[in-house]
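Examination of the molecular architecture
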Amino acid sequence: MSIVHENGVATRQIHAPRTTEQLMATATAAHEMGCGSRSARGHGYEMRGASYVPVSRLHEGRFGRMFRLTPFVPSDARIAEIAATIPENATGPTPELDNPTIPAGYTYLGQFIDHDLTFDPASSLERQNDPDALTNFRSPRFDLDCVYGRGPVDDPFLYDRTADGQKMLIGRHDDEDDLPRNVQDTALIGDPRNDENIFVSQLQLTMLKFHNAVVDAVSGDPSMRRGSETLFDAAQRVVRWHYQWLVIHDFLRRTVGEEMLADVLDEDGPVPRVDRRFYDWRNEPFMPVEFSVAAYRFGHSQIRGRYRLNTLVGPLPTFLPDPVAAQPLGHFGGFRILPPFWTIEWGRFFEVQGAGSADLQLSRRIDTRLADPLKALPPEIGGARPSLIDRNLTRGARMLLPSGQDVAGRMGADVLTDDELGLPGGGPAPLWFYILREAEVRADGEHLGEVGGRIVAEVFLGLMEADPSSYLRNEPDWRPFLPSATPGDFAMPDLIAFAGHGLGVTDLPGRPPAPGG
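Residues numbered from 1 in each chain as written. Predicted model: local features only at pLDDT ≥ 70, side-chain atom pairs only at ≥ 80, totals over all residues. Heavy atoms only, no water.

Mean pLDDT over the protein chain stands at 87; residues scoring 70 or higher make up 83%. Below pLDDT 50 for its whole length, residues 1–40 participates in 78 contacts with residues either more than four positions away or in separate chains. Taken together, the stretch residues 122–137 has pLDDT below 50 and engages in 27 contacts with residues farther than four places along the chain or on a different chain. (pLDDT = per-residue confidence, 0-100. Contact = heavy atoms within 4.5 Å.)

Another aspect to go through is empty space enclosed by the protein. As enumerated under the stated definition, the model contains six cavities of 30 Å³ or more in all. By volume, the second largest cavity is sized at about 90 Å³. Every residue lining the second largest cavity is counted, 13 residues in all, and those nearest its centre are Leu393, Gly396, Ala397, Pro430 and Leu431. Looking at the lining of the second largest cavity, the elements with two or more residues in it are helix H11 (388–398) and helix H14 (431–443). Considering every element that reaches the lining of the second largest cavity, the biggest residue donor is H11, with four residues. Here the residues of the lining of the second largest cavity are counted per class, giving 11 nonpolar, two polar and no charged. (1 Å grid on protein atoms, 1.4 Å probe; cavity = no way out; pocket = protein on both sides within 12 Å on 5 of 7 lines; lining within 4 Å. Points joined across faces, edges and corners; volume = space filled by probe spheres on them. Helix = DSSP H or I, 4+ residues; strand = E, 2+ residues; numbered from the N terminus. Nonpolar A, V, L, I, M, F, W, Y, C, P; charged D, E, K, R; others polar.)

Attention now moves to the side chain of His501. Among the structural elements, His501 can be located in the segment after helix H17 (492–499). Side chain to side chain, His501 and Lys209 meet in a polar contact 3.0 Å long. In this structure, His501 is in contact with Gln202, Leu205, Thr206, Lys209, Thr343, Ile344, Trp346 and Ile496, ignoring residues within four places of it in sequence. (Polar contact = N/O pair within 3.5 Å; in protein donor to acceptor, adjacent residues only side chain to side chain.)

Look at the link from Gly314 to Pro315: it is a cis peptide, with omega at 0°. Its location among the elements puts Pro315 in the loop between strand S10 (306–307) and strand S11 (316–317). You will see that Leu144, though not glycine, has its phi angle at about 60°, which is positive. Residue placement: Leu144 occurs in the loop between helix H4 (124–129) and helix H5 (145–148).

Moving on to H11. Of all 11 residues that make up H11, nine are buried, and the element is covered over most of its length. The secondary structure elements touched by the buried residues of H11 are helix H2 (76–83), helix H10 (379–382) and H14. Trailing H11 by a residue or two, Leu400 shows a phi angle of about 60°, which is positive. (Buried < 20%, exposed > 50% of the residue type's maximum accessible area, 1.4 Å probe, protein only.)

In structure tokens:
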């Protein structure tokens, strides 16, 4: 243990390894944040096991660490001081905060991908037998478990019996498609978090329809099947591999930048080669807390304060601080049936031809300014700690993450100066804050910087490389073949076009078209 001085205040710094008492204190603090509580089904819920990660590198299990560095544990007062610098405090239009290279839909595609990686299908018996969830759980993979669950045999409620269980079940009400729901309007999907807001729920619905469209394609072209694959098996493989391709070549490329992607993924040879310098494991890949608690939370800064959903709906705030049911038509919070005329127009969120494509909305730049609605999340999402800013900073401290400067130094990156960081009083920066500021200073907020970009790229590509069922491991020279704007490539707009969801105009019957769509 050592003493670190912040603005003249002495603060304790805890060194590895943690004692049992320290582990229990961390778990208690996590529960105080709303972690482990199923009532907060979104950002308020931490994946089981994340609160028990040792300080030293863990070479197997669900969570671990990329770096063995001295933790940086800012005081609550210091966290509050840093948090006060982060909100946008916007009072009107702020186009200067828009990211010209990343449309708004990729913010929620990133959330969908996160839920895919951290899906936990463990049974209640397994939860009781392994409360710490450090071992005996499958590795995180890009396999769309959040869509398929455990398959049509184990999770038949996700599948359409009229299609012999080959297709995903689609809900319908008020002349609109929606996620399938039970009589209490709870979504029947592989991962309940994908109903957290309207945008991610519409992405989930789009993925369900994408699978169904691929089933039709495979049914009409037997050459798509391999060996003894069933219709469902072949369709699932085609869906997963096209999804994995766009995760790397569309989402990741935009997120980390062309240069970083090329540095980690060498595609110049006959087969792609992944160069991982810092993300390593002994037996099975794990989820690094530097990724899950800091680097991959860059997407929070991309969220806009307000969106237009379609021709009729919006602009509305992303969230309101009140319960979702208090003003159901006043925000885009989820965990509810889709209101009438609320089908999304994807042309407003991705570069796809369809309704609203002339009014494409952009994500916010990756920087240290978060949209004001994130200061007070609704209780269904935020639990007992409604500020996402405070939650992220506190969680990094509770997880004993190292400072951003220490991680940058360990990686051999160009460390940001105190002036570049702009923190009150200078000093160590929480890793999450550092990664956001690095993107802002070094990449003008258009993509992640060297530290954040390499962590995200190495984890994404390392997990893909280690998955024996992924295209990168199973058939690394594979190329997409479904229809796309660029033959041999496949991006999110191509997936949306093939699925056919969210392309038409959402409007009232007989109403004259609104100027500008």
